[in-house]
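So the chains spell out like this:
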Amino acid sequence: MITNIAMGCAVLAALFAALTAIGTVMIERQYPPEGRFVEVTGGRLHVLERGQPDAPVVVLLHGASGNLQDVDAALGAPLATRYRVIMIDRPGHGWSDRPGGEDGASPARQAALVAQALAKLGVARAILVGVSWSGALATNYALTFPDRVAGLVLLAPVSHPWPGGIAWNYRLASMPVLGPLLVRTALMPLAYPMMDRLVRAAFAPQAMPDGYPARAALALALRPTEFLANARDVADLKANVTLQAHRYGEIRVPAVIVAGDRDTTVSPDIHSKALAAAIPNAKLIILPGVGHIVHHAKG
């Protein structure tokens, strides 16, 4: 009996693994890279540019469980009328490599790689826009490379340690051995059919824009390597922001911080309000009736 159950589990795991491998190929064919690749230490980052080459530079940094297509869908075209807009797939996300090994999840490591890419693109100074997880990246960049930052725009940013832990799926995926095994077998077949419902929940109480999952190429995040990188980013984030939160008073550039008062994913009280109080030249904007996805809010 036990042998039959074990054989059945093995067959099911093999089937799921095959479905995941096929699904990964199909997703990558559906959402190929739209930009170009920039060499950095240990790999390359995928970069998409819009606007005029000689205009002031705005760098858009996406949040967790996403890629540059998310920020492009919301902000790329409007900003490109006045700025040179550079969007970067964070290391391990979208079409970017994940250099850095175990350190690849830290905002400091990702900021260093972004700095390398921007230098290769001839960018000496830029306004950084950090969405959600990238609030930690953008503030770390400003602390590490202060002369290269003209200003910060932080949208529902993660900036401070918070009480409690992280969602169960991130905890599970970041577990040694079991996490990678489940992600490489069962995750995609089980999660793909639920994607639309999960994304709608993330937008609440706002309505999800029509066609958003496809336009933002969200299915790329279900590929095993990207899902594992994203889970490690989130799992390590609390410890990483704890290391830098006491330094936010050193940021001297103007900063605009935007959060929704209905955000239940990243608490405005713990993060945005505390960050605005810490940065000397910060302006805080709280949007009434808006949840976590503030960069797609209308009005």
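One can find the structure itself at the top, above this paragraph.
Residues numbered from 1 in each chain as written. Predicted model: local features only at pLDDT ≥ 70, side-chain atom pairs only at ≥ 80, totals over all residues. Heavy atoms only, no water.

### What to know about the sheet that holds strand β1 (residues 36-40)
Move 1: A sheet is described by the order of its strands in space; here eight strands give the open sequence β1-β2-β4-β3-β5-β6-β7-β8, paired in mixed fashion. Lying at the two open borders of the sheet, with one neighbouring strand each, are β1 and β8 (282-287). Taken over all neighbouring pairs, the strand axes of this sheet differ in orientation by 25° on average, direction set aside.
Move 2: Of the strand pairs in this sheet, strand β2 (residues 43-50) and strand β4 (residues 84-88) are connected by four bridges, and their pairing is antiparallel. From the neighbouring strand, L48 faces β4, where its bridge partner is M87.
Move 3: Against the sheet, helix α3 (residues 107-120) contacts β1, β2, β3 (57-61) and β4, and its axis sits at roughly 115° relative to β1. (Pairing = 2+ DSSP bridges. Helix = DSSP H or I, 4+ residues; strand = E, 2+ residues; numbered from the N terminus. Axes fitted to C-alpha atoms, helices over the stretch in contact; angles between N-to-C directions. Contact = heavy atoms within 4.5 Å.)

### Examining the packing of helix α6 (residues 178-191) against helix α9 (residues 224-244)
Move 1: For the pair α6 and α9, interaxial distance at closest approach is 10 Å and the crossing angle is 130°. With respect to their mutual orientation, α6 and α9 come out oblique. The two elements α6 and α9 cross, and the hand of that crossing is right-handed. Residue-level contacts link G179, P180, V183, R184, L187 and M188 of α6 to P224, T225, F227 and L228 of α9.
Move 2: Taken together, the residues of the contact of α6 with α9 break down into seven nonpolar, two polar and one charged. (Parallel < 35°, antiparallel > 145°, perpendicular 65-115°, else oblique. Left-handed = near helix turned anticlockwise from the far one by under 90°. Nonpolar A, V, L, I, M, F, W, Y, C, P; charged D, E, K, R; others polar.)

### As for the side chain of S106
Move 1: Structurally, S106 is set in the loop between β4 and α3.
Move 2: We classify S106 as buried; its relative accessible area is 15%.
Move 3: Residue contacts for S106: discarding those within four places in its chain leaves W133 and N240. (Buried < 20%, exposed > 50% of the residue type's maximum accessible area, 1.4 Å probe, protein only.)

### Here we look at the layout of surface pockets
Move 1: Looking at the second largest pocket, its volume works out to about 420 Å³.
Move 2: If you go around the second largest pocket, you meet 19 residues; those closest to its centre are L75, L79, V129, V153 and L155.
Move 3: Among the elements of the structure, β3, α2 (68-80), β5 (126-131), β6 (149-155), β7 (255-260) and β8 are those that each provide at least two residues to the lining of the second largest pocket.
Move 4: By residue number, the principal contributor to the lining of the second largest pocket is β6, which donates four residues.
Move 5: Taken together, the residues that form the lining of the second largest pocket break down as 17 nonpolar, two polar and no charged. (1 Å grid on protein atoms, 1.4 Å probe; cavity = no way out; pocket = protein on both sides within 12 Å on 5 of 7 lines; lining within 4 Å. Points joined across faces, edges and corners; volume = space filled by probe spheres on them.)

### Considerations on the packing of helix α4 (residues 134-144) against α9
Move 1: Put simply, α4 and α9 touch, their axes get as near as 11 Å, and they point 30° apart. With respect to each other, α4 and α9 are oriented roughly parallel. Crossing handedness for the pair α4 and α9: left-handed. Facing α4, whose interface residues are A136, T139, N140 and L143, α9 presents L237, V241 and Q244.
Move 2: Residues belonging to the contact of α4 with α9 are distributed by class as follows: four nonpolar, three polar and no charged.

From the geometry alone we can't say anything about function, so treat these as descriptive.
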